[in-house]
Amino acid sequence: MSVLIFIDHTSGMIKKASREAISYGAQLAAQLGTTAEGVLLGNVAEDLSALGQHGVQKVYHLQHTNLDHFDAQVYTKVLAQVADQTGAQVLVFSNNTSGKALAPALSVRLKAGLVSGAVSLPDTSNGFVVKKNVFSGKAFANVAVTTERKVIALNVNAFTITTGTGTAEVASLNVDVPAPKTRVISKDKSSGKVTLSEAEVVVSAGRGLKGPENWGIVEELATALDAALACSRPVADAHWRPHSEHVGQTGVAIAPNLYVAAGISGAIQHLAGVNRSKVIVVINKDPEAPFFKAADYGIVGDVFEILPKFTEAVKKVKG
Ligand code: FAD
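Nothing here was measured: the structure is a model prediction, and the numbers come from that model.

### Focus: the overall build of the protein
A count of helices and strands for the protein gives eight helices and 16 strands. Taken over the C-alpha trace, the protein has a radius of gyration of 21 Å; the compact-globule value for 319 residues is 20 Å, and the two agree within 12%. Across its three principal directions, the C-alpha atoms of the protein cover 60 × 45 × 40 Å. At a minimum sequence separation of 6, the contacts of the protein that also span at least 24 residues come to 65%. Counting only carbon and sulfur atoms, one obtains 52% of the accessible surface of the protein, whose full area is about 15,300 Å². Here the protein contributes 30 positive and 27 negative side-chain charges, whose respective centroids are spaced 4 Å apart.

### A few points about the packing of aromatic side chains
Under the criterion given, the structure shown has six aromatic pairs. Here the aromatic rings of F6 and F93 are separated by 5.7 Å at their centres, their planes lie at 35 degrees, and the arrangement is tilted. Of this pair, F6 sits in strand β1 (residues 2-6) while F93 sits in strand β6 (residues 88-94); the two residues are 87 residues apart in sequence, bridging distant segments of the chain. In this pair, the class of F6 matches that of F93, namely buried. Between Y259 and F291, the ring centres sit 6.4 Å apart and the planes meet at 45 degrees, which makes this aromatic pair tilted. Highlighted residues: Y259 in strand β14 (residues 258-262) and F291 in helix α7 (residues 291-294), separated in sequence by 32 residues. Each member of the pair, Y259 as well as F291, is classed as buried. Taken together, the ring pairs in this structure connect F6, F70, Y75 and F93 into an aromatic cluster. The ring of F140 has K131 lying over it, and the distance from NZ or CZ to the ring centre is 4.6 Å. Cation over ring: K150 sits above F128, and NZ or CZ is 5.1 Å from the ring centre.

### Description of the site of the ligand
Around the ligand there are 27 residues in total, and S232, T250, S265, Q269 and N284 lie nearest to it. When residues of the shell around the ligand are traced back to their parent elements, those giving at least two are α5 (233-237), α6 (268-274) and α8 (303-318). For the shell around the ligand, the per-class residue count stands at six nonpolar, 14 polar and seven charged.

### Some thoughts on the domain arrangement of the protein
The domain boundaries assigned to the protein delineate domain 1 (2-171) and domain 2 (201-318). Taken together, the contacts link nine residues of domain 1 with six residues of domain 2. Here domain 1 meets domain 2 over a buried area of about 560 Å², counting both sides, of which 36% is carbon and sulfur. At the surface where domain 1 touches domain 2, the tally comes to zero salt bridges. Among the residues making up the side of domain 1 that touches domain 2, the classes are represented as three nonpolar, four polar and two charged.

### Side note on the pairing of strand β9 (residues 139-144)
Counted residue by residue, β9 has zero buried out of six residues, so it is predominantly exposed. In this structure, strand β8 (residues 129-134) lies alongside β9, joined through six bridges in antiparallel fashion. Opposite V134, over in β9, you have A139 as the bridge partner.

### Digging into the UniProt feature "binding site: FAD" (unreviewed entry) in the protein
UniProt feature "binding site: FAD" (unreviewed entry): in the numbering of this structure it lies at R207, S232, R233, G263, I264, S265, G266, A267, I268, Q269, H270 and N284. Within the secondary structure, S232 sits in the loop between β13 (228-231) and α5. Ignoring sequence-local partners within four residues, the contact set of S232 consists of S204, A205, G206, R207, I264 and H270. If we skip the residues at most four places from it in the chain, N284 touches G263, I264, S265, A289, F292, I299, V300 and G301. At 3.2 Å, the side chain of N284 and the backbone oxygen of I264 are in polar contact.

### Quick notes on the environment of L225
Topologically, L225 is positioned in the loop between α4 (216-224) and β13. Judged by its relative accessible area of 18%, L225 is buried. For the pair formed by L225 and L51, sequence separation is 174 residues and the distance between their alpha carbons is 28 Å. With residues near it in sequence (within four places) discarded, L225 still touches V201, V203, V260, V314 and K318.

### A short note on the side chain of H54
Note on placement: H54 falls in the loop between β4 (35-41) and β5 (58-62). Residues within four places of H54 in sequence aside, it is in contact with R19, I22, S23, A26, I161, T162 and T163.

### A closer look at unusual backbone geometry
Unusually for a residue other than glycine, S11 sits at a positive phi of about 50 degrees. Along the chain, the position of S11 falls in the loop between β2 (9-10) and β3 (13-14). The backbone of K111 sits at a positive phi, close to 55 degrees, despite the residue not being glycine. Structurally, K111 can be placed in the loop between α3 (97-109) and β7 (113-118). Overall, K111 belongs to the exposed group, its relative accessible area being 69%.

Cut-offs and rules
- Residues numbered from 1 in each chain as written.
- Predicted model: local features only at pLDDT ≥ 70, side-chain atom pairs only at ≥ 80, totals over all residues.
- Heavy atoms only, no water.
- Helix = DSSP H or I, 4+ residues; strand = E, 2+ residues; numbered from the N terminus.
- Rg over C-alpha atoms; globule rule 2.2 N^0.38 Å.
- Contact = heavy atoms within 4.5 Å.
- Areas by Shrake-Rupley, 256 points an atom, 1.4 Å probe, with all protein chains shown as cover.
- Lys, Arg positive; Asp, Glu negative; His and termini not counted.
- Charge placed at Lys NZ, Arg CZ, Asp CG, Glu CD.
- Phe/Tyr/Trp six-rings, centres within 6.5 Å; stacked < 30°, edge-to-face > 60°.
- Buried < 20%, exposed > 50% of the residue type's maximum accessible area, 1.4 Å probe, protein only.
- Lys NZ or Arg CZ within 6 Å of the ring centre and 35° of its normal.
- Near = heavy atom within 4 Å.
- Nonpolar A, V, L, I, M, F, W, Y, C, P; charged D, E, K, R; others polar.
- Domains from an automatic or database assignment.
- Buried area = accessible area lost by both parts, 1.4 Å probe.
- Salt bridge = Lys/Arg side-chain N within 4 Å of Asp/Glu carboxyl O.
- Pairing = 2+ DSSP bridges.
- UniProt positions renumbered as here; feature names shortened; annotations may be inferred.
- Polar contact = N/O pair within 3.5 Å; in protein donor to acceptor, adjacent residues only side chain to side chain.

Written out as structure tokens, the structure reads:
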């Protein structure tokens, strides 16, 4: 019996969302009085023993040419074998793109109850009850998992990464790796773009920018700070920016080290998706804007004056 955490990676680097899942899985294992083990498929450039710092005791690293590219069918078959061989009772995924494909498939294969969109550790005082987001984040539900085996997909940025001093044992396993039924011919990634949910710095703007033609000053600050771009919901609803940039209760949840919000009022639904940011900087011309209550630093002023000055100052500091 153990907790098994799927460790997702991209371009050779472990995703921040997976570090959250590992931290979650490790705390869950401690709660259940069992061990936390990770499984990583494919090639990475990182030292996997260092994942012990997030509380995982062992990491199974499986390499095979058929695992070089993410393939939900192949990964599901391999992970099911890993779960069986290691006797995993609870499987933890991040509820990101790969987790959304793998967690349901694994739950069917392992006849395990599934909770996707989990936002906190289960209550195990009387059964196994997991709190999850429902209705696109508009409400929460507590779900009791009644099967012996369980699969949890943890919402991105819903859990804080814990860092300690542990070292994980890195091991392999003998599994049957099937050939994929599809083949990746090429991959095309728009260069220089930072993934919003994983970003350490996010620059976001709202209706205070007046229109899409004014986004140049937002993009310039984002470029200077190596930041991802975000926006409030009405901005995406009005098609000023793509919906993939909309943050908040019904959009992407983020937890960067720095969140700069320009011309955003700070409605509760917006705050719901950004309040895990470490440092929040708010620029708003209205000193009564609610966002200032959540801000670490507040600038009362016109975004059209402040943003270019902010960018200039960042460039000066960076040299
Ligand atoms: P506004 O409320 O119009 O605020 C614009 C701000 O810009 C004002 O504070 C104003 O003082 C300031 N401003 C104007 N001009 C300037 C200037 N020149 N310089 C500086 N400041 C200026 N919203 C989200 O963002 N994310 C969500 O996920 C989300 N989900 C929702 C879910 C539900 C069920 C509902 C009902 C609403 C949701 N909303 C969400 C909408 C939310 O309630 C707010 O309406 C929205 O966040 C407001 O966006 P805004 O701050 O850009 O615009």
